[in-house]
Amino acid sequence: MRERMRKILLAAVLLLLLVPALGGCQERETEKAFVAPYDMSQDQQELLSLLGLEDAALVFSFQAPEEAAKVTAHTYVLEDGVWVENGGVSLLREGGDSQPLAGEFALVYHQDRSMDLHLNAQGRVSFSSDPVPFEGERLSAARGAIPESQPAAMGEEVPVALFLEDGGTSMKSLTPQSYFTPQELEGMDVAQAVTLEFSAG
């Protein structure tokens, strides 16, 4: 029960952080479809820090292609060199709304390697993925997120974050683009990726 209340509180805080972002989406109207790091205000960054989420939370803004009716956030775990989906959440554009889907995507990464995913556009949805087991001792860990705006095409996943853990003492320097070349992650004890995808529905 206590864990459930903590997750509800985290979701509420992230939604509060994202509500002012609706105005920010208007500033990017000239861009077509994209996914980008969310530009937080100083107050928003301080709130994340106060709650101890500055190292656990990642927030992105997006604008879908005009023809997209759905945005989906996928989470993956690398197993034997192949990405296996272990969770995700989708948000559909409201019928009759002619504006492209635009909003924010937030994720919170937990020590048990589970993730809370939150999509905020023409409505809000959330999802919590299952923990990912790791029986060894974690000696090194790394995470990477897209540093700048990425183009988004219909039906193509845009990798936004990569999480690595290993029992060794050295860690490769990789980016979310390694999602497309999983062989680069060979030897990592745990590799997880998060993508956004826009589709017709």
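The structure contained in this document is the topic of the report that follows. (Residues numbered from 1 in each chain as written. Predicted model: local features only at pLDDT ≥ 70, side-chain atom pairs only at ≥ 80, totals over all residues. Heavy atoms only, no water.)

**Brief notes about the overall build of the protein chain**
Within the protein chain, the regular secondary structure consists of 3 helices and 11 strands. In the protein chain, which comprises 201 residues, the share counted as buried stands at 47%. Summarising the internal contacts of the protein chain: among those between residues at least 6 apart in sequence, 67% fall at separations of at least 24. Here the protein chain displays about 10400 Å² of accessible surface, and carbon together with sulfur accounts for 50% of that area. (Helix = DSSP H or I, 4+ residues; strand = E, 2+ residues; numbered from the N terminus. Buried < 20%, exposed > 50% of the residue type's maximum accessible area, 1.4 Å probe, protein only. Contact = heavy atoms within 4.5 Å. Areas by Shrake-Rupley, 256 points an atom, 1.4 Å probe, with all protein chains shown as cover.)

**Brief notes about the sheet that holds strand E7 (residues 123-128)**
The strand order across the open sheet formed by 6 strands is E7-E6-E5-E2-E1-E9, and the pairing between neighbours is antiparallel. Taken across any chain shown, the strands that pair with only one partner, and hence form the sheet edges, are E7 and strand E9 (150-151). With 7 bridges connecting them, strand E2 (residues 57-63) and strand E5 (residues 102-109) associate as antiparallel partners. Bridge pairing in E5 links Leu58 to Leu107. (Pairing = 2+ DSSP bridges.)

**Section: unusual backbone geometry**
Positive phi values are uncommon outside glycine, yet Asp80 reaches one of about 50 degrees. Among the structural elements, Asp80 can be located in the loop between strand E3 (70-79) and strand E4 (82-92). We classify Asp80 as exposed; its relative accessible area is 83%. Residue Arg113 is not a glycine yet carries a positive backbone phi of 70 degrees. When you line up the elements, Arg113 lands in the loop between E5 and strand E6 (115-121).

**Focus on the sheet that holds strand E10 (residues 158-166)**
With respect to topology, 5 strands assemble into an open sheet ordered E4-E3-E11-E10-E8, the strand pairing being antiparallel. Whereas interior strands pair on both sides, the edge strands pair on one side only; in this sheet they are E4 and strand E8 (140-145). The mean inter-strand angle of the sheet, taken between neighbouring strand axes irrespective of direction, is 15 degrees. Inspection of the sheet shows E3 paired to E4 by 10 bridges, in the antiparallel sense. (Axes fitted to C-alpha atoms, helices over the stretch in contact; angles between N-to-C directions.)

Everything listed is a geometric property; what it means functionally is a separate question.
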